[in-house]
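Coordinate analysis (summary)
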Amino acid sequence: MNGLVWFRNDLRTIDNHSLYNACRENEKVIGIYCLDPRHLETTQYGFKKTEKFRTQFLLETLAELQQNLAEKNITLLVYYGYPEQLIPEVAAKYQIDTIYSQNEWTQEEVDVENEVRNLIPAVNWKTYYDQFLFHPDDVPYEDWEKIPEVFTEFRKQLEKKIRVRPTVSITAKPISNLIKEKTTIPTLEDLGFDSETSEFKQPNKTAFPFKGGENKAKKRIRDYFWDTKKLAVYKKTRNGLVGKDYSSKLSAWLANGSISARMIYWEVQQFEKKVVKNEDTYWLIFELIWRDYFKYISLKHGNKIFQLNGILQKEYHWNQNTKAFNQWTNGTTPEHFVNANMIELQKTGWMSNRGRQNVASYWAKEWEQDWRIGAAYFESMLIDYDVHSNYGNWMYNAGVGNDPRDRKFNIKRQAEMYDSDGKFQKMWLIPELF
Ligand SMILES: Cc1cc2nc3c(=O)[nH]c(=O)nc-3n(C[C@H](O)[C@H](O)[C@H](O)COP(=O)(O)OP(=O)(O)OC[C@H]3O[C@@H](n4cnc5c(N)ncnc54)[C@H](O)[C@@H]3O)c2cc1C
C-alpha cells in the first residue's frame, strides 16, 4: 500500500499521528507540502495575508522537516502551488491509496481539503486531531455545544478528568522508500517577495531571535528548560517585554506544528521530577490549556470567530478608519506604549502577550475600530500566527468573545506597571539608543 502524508500545520517527524499511522500502515510513504499562493495574496485590507516573517520561518521549518524525513528514508515534496492541483497529480503518479493529514476545521482549510477530496474520490483519507494538548476524543463533552464559555470551568473539568496522551515516534523506512523526485525549498524571492525584502535581517534587539524547524524547537526547550532553567521562574517573568527569555517563545513552533503541545507537556513533567515542581512550571501548562481552549471554542462556534459580532453576537458600533489604521500600525498614536509594541511587531514579527493585549484593547475598545482588521493585521505580521489563538484572543479583547469581565486596558497604567523604567519604549521609539 502507498500512503501520502499531506503536511499542513504539523511540520514535525516526532509525535505526528498522520506520519506515524502512514508509516505503520503502508509499505511506501511520501510526504507533500504545498506553499499555497492564496496565503501570500493581498487581503481586502490592502496588506499581504502572510508577511515575510512567518513565511521565512516556514521555509526554515520545511528545510528541517525535509532533512529529518530524509533521515527516516521518507521524501518530502515541497511545491509552490495549489493543493487541489498538486495533490491529485502526485496521488496519480505514485498510485496513492490513502492520504493522511491533520484534521483542520476552519473554513479556508476545509474548502481546500474538500476540493482536493472531490477531485480524487477513490483515494482513502485519514485525518487526526493532532494540535491539541487534550485530545478531543478524551474530553468530557458529548458534543462541542457543551464546551463551557468560561475558561476556568473548562480548565478545571479537563484537569480533573483527563490525562495527556503519550507521544509517538516513527522508525526509519527502508532506503528503497525514497523516491527519485527531489524538490528544493523556494526562497522568499521565488514566492514573490521583492529582492530587498527577501534579504531582510532581524534587528539584534529582537525578542525572537530564533529560526524555524523541529530541531530548533527542541533546542529552545533545551535552553529554556534545562540549560538556563528559566522555566522555574516562568510565571514571574511571563509579563516581560524585553529579551528572549521572559517567556518560553514556543508559540511559533507550536503554531506550525514543529513541536506538539504533548511533547512540551511531557518535558515539563521531566523538569518537575528532575529540577523543581512549582507554580511557575505549572503555569506553562496552564497557558497551553488556554491554547487548547481557543481551539475548542473555534470547534464549537465555527465561523462566528471571524464575524464582527463574534461568538457573543454582541452588537457594538465599529469604525473602519484608514488614518487610524496607519497610525496604529506605524506606531504614531498618542500612546507611546502602544507605539513601541506596534513598531516591534512591524520590525520583527513578534510582540509579547502583554503588548498584544494592550494594542488590541486600544484598537478595539479605545478607538472602537473593527477588531477584524486588527486581527487580520496580526495574521499578516505575526511569526506565531495561529488561527484559533489569534481570533480567540482578539474576540476576547474586543468584547465579543470569552472575557466574562469585558475589560478595557488603561494603557498608561499598564506602561507604568510593566515598563516602569521605560526601557522597552525607548528601545523601539528611540532606535539609535540600542
Ligand atoms: C490579540 C492577541 C492575539 C494573539 N495571537 C496569537 C497567535 O496568533 N498565535 C499564538 O500562538 N498566540 C497568540 N496570542 C497569545 C499569546 O500572546 C502568545 O501565545 C504568546 O505571547 C506567545 O509567547 P510565548 O510562546 O513565549 O508564550 P508563553 O507565555 O511561554 O506561553 C506558552 C504557550 O502557551 C500558549 N499561550 C500563552 N498565552 C496564550 C493565550 N493568551 N492564548 C492562547 N495560547 C496562549 C502559547 O502556545 C505559548 O507558546 C495572542 C494574544 C493576543 C492578546
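All values derive from a computational prediction rather than experimental measurement.

This part takes up helix H1 (residues 17–25). When H1 is considered as a whole, its buried residues turn out to be His17, Ser18, Leu19, Asn21, Ala22 and Cys23. Residues of H1 that are buried sit in contact with strand S1 (2–6), strand S2 (28–35), helix H2 (52–71), strand S4 (98–102), strand S5 (124–128) and helix H10 (261–274). At the N-terminal end of H1, a side-chain oxygen is found 3.1 Å from the backbone nitrogen of Ser18, two or three residues along, and the residue is Asn16.

Moving on, we come to the pattern of salt bridges. Opposite charge on two side chains makes pairing possible when the charged atoms of those side chains draw close. Taken as a whole and assessed by the stated rule, the structure comprises 31 salt bridges. For Glu181, the salt bridge identified is with Lys93, shortest N-O distance 3.0 Å. One end of the pair, Glu181, is in the loop between helix H5 (151–161) and helix H6 (195–198); the other, Lys93, is in helix H3 (residues 83–93), with 88 residues separating them in the sequence. With a closest N to O distance of 2.9 Å, Glu113 and Arg117 form a salt bridge. Of the two residues, Glu113 and Arg117 are both situated in helix H4 (residues 107–119); the distance of four residues between them amounts to about one turn of the helix. Residue classification places Glu113 among the buried residues on the basis of a relative accessible area of 7%. Beyond isolated ion pairs, a larger network of salt bridges with shared partners links Arg12, Asp15, Asp130 and Arg262.

Quick look at the sheet that holds S4 now. The five strands lie next to each other as S3-S2-S1-S4-S5, forming an open sheet whose pairing is parallel. Taken across any chain shown, the strands that pair with only one partner, and hence form the sheet edges, are strand S3 (75–80) and S5. Between one strand axis and the next, the sheet turns through 25° on average, direction left out of account. The sheet contacts of H4 involve S1 and S5, and relative to S5 the element is tilted by about 155°.

Attention shifts here to the domain arrangement of the protein chain. The domains assigned to the protein chain are domain 1 (1–130), domain 2 (132–167 + 212–302) and domain 3 (307–433). Counting the surface lost from both domain 1 and domain 2, the interface buries some 1900 Å², and carbon and sulfur atoms represent 50% of this. For the pair domain 1 and domain 2, the number of links is three salt bridges. Of the charged contacts in the structure, one is a salt bridge between Asp130 and Arg262, with a shortest N-O distance of 2.6 Å. Our count for the domain 1 to domain 2 interface comes out at 18 residue pairs in polar contact (both at pLDDT 80 or more). Looking at which element gives the most residues to the side of domain 1 that touches domain 2, the answer is H2, with five residues. Within the side of domain 1 that touches domain 2, the residues separate by chemical class into five nonpolar, six polar and seven charged.

Of all residues adjacent to the ligand, which total 27 residues, the nearest are Tyr234, Ser247, Ser248, Lys249 and Asn353. At 2.5 Å from an oxygen atom of the ligand is found a side-chain nitrogen or oxygen belonging to Tyr234. Protein contacts shield 96% of the accessible area of the ligand, which totals 820 Å² for the unbound molecule. Partitioning the shell around the ligand into residue classes produces 12 nonpolar, nine polar and six charged. Per-domain counts for the shell around the ligand show at least three residues from each of domain 2 (132–167 + 212–302) and domain 3 (307–433).

Scoring rules and cut-offs
- Per chain, residue numbering runs from 1 following the sequence as it is written.
- Per-residue local features are limited, in this predicted model, to residues with pLDDT of at least 70; the limit for side-chain atom pairs, both in listing and counting, is 80 or more; totals at the level of whole chains, interfaces and linings are taken over all residues.
- The side-chain quantities take in all heavy atoms of the structure and omit both hydrogens and water.
- For every residue, the accessible area obtained with a 1.4 Å probe (protein chains only) is divided by the maximum for its type, and the residue is called buried under 20%, exposed over 50%, and partly exposed between those limits.
- Helix and strand definitions follow DSSP, with helices as H or I runs of at least four residues and strands as E runs of at least two, each counted in order from the N terminus.
- Only heavy atoms enter the contact rule, under which two residues are in contact if any of them lie within 4.5 Å.
- Whenever a nitrogen or oxygen atom comes within 3.5 Å of another N or O atom, the pair is scored as a polar contact, on the condition that within protein one atom can donate a hydrogen and the other can accept it, and that pairs from neighbouring residues in sequence are kept only if both atoms are in side chains.
- Within this document, salt bridges are pairs made up of a side-chain nitrogen of Lys or Arg and a carboxyl oxygen of Asp or Glu, the two lying within 4 Å of each other.
- Here the rule is simple: two strands pair whenever DSSP picks up at least two bridges between them.
- Axis definition: a line fitted to C-alpha atoms, over the contacting stretch in the case of helices. Angles run 0 to 180 degrees between N-to-C directions.
- Domain boundaries shown here were taken from an automatic or database domain assignment.
- What gets called buried area is simply the loss in accessible area from a 1.4 Å probe that two parts show on being joined, summed for both.
- Under the convention adopted here, Pro, Cys and the residues Ala, Val, Leu, Ile, Met, Phe, Trp and Tyr are nonpolar, Asp, Glu, Lys and Arg are charged, and Gly plus all remaining residues are polar.
- What makes a residue near a molecule or strand is one non-hydrogen atom of that residue sitting within 4 Å of it.
- Every accessible area reported is derived by Shrake-Rupley at a probe size of 1.4 Å, with residue values counting cover from the shown protein chains alone.

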